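# Summary of structural features
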Amino acid sequence: RYPEGFEIMVDDYPPNLDKMKAARLVDEVYLIDKPWNQDRPEFVMGRNRFLSLVDVLRHHFQLEKGHDFAVA
């Protein structure tokens, strides 16, 4: 169903993230914080749960990869 070789996946629907991780098709998964996904305590704000895609990219590229990410 999904292509292989993703480094990260970002979604607001946890089952999509679960399927990708279980199939080992992605290295890291990040959840966009929404009212409908508050029942997933394993997604922690600032670690693998973020308010926006920009926040995910800042975290992933700056903190984990050592690169700076600028938003225009």
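Above this text sits the structure in question.
Residues numbered from 1 in each chain as written. Predicted model: local features only at pLDDT ≥ 70, side-chain atom pairs only at ≥ 80, totals over all residues. Heavy atoms only, no water.

## Description of the pairing of strand 2 (residues 26-32)
For strand 2, the tally of buried residues reaches 5 of 7 residues, placing the bulk of the element in the interior. Across 5 bridges, strand 1 (residues 6-11) lies against strand 2 in parallel orientation. Across the sheet, the residue bridging to Met9 is Val29, located in strand 2. One crossover worth recording links strand 1 to the parallel strand 2 by way of helix 1 (residues 14-22), and it is right-handed. Pairing analysis gives 2 bridges linking strand 2 to strand 3 (residues 49-50), with the strands arranged parallel. When the sheet's bridge partners are listed, Leu31 is paired in strand 3 with Arg49. (Buried < 20%, exposed > 50% of the residue type's maximum accessible area, 1.4 Å probe, protein only. Helix = DSSP H or I, 4+ residues; strand = E, 2+ residues; numbered from the N terminus. Pairing = 2+ DSSP bridges. Right-handed = clockwise from strand over helix to strand, strands pointing away.)

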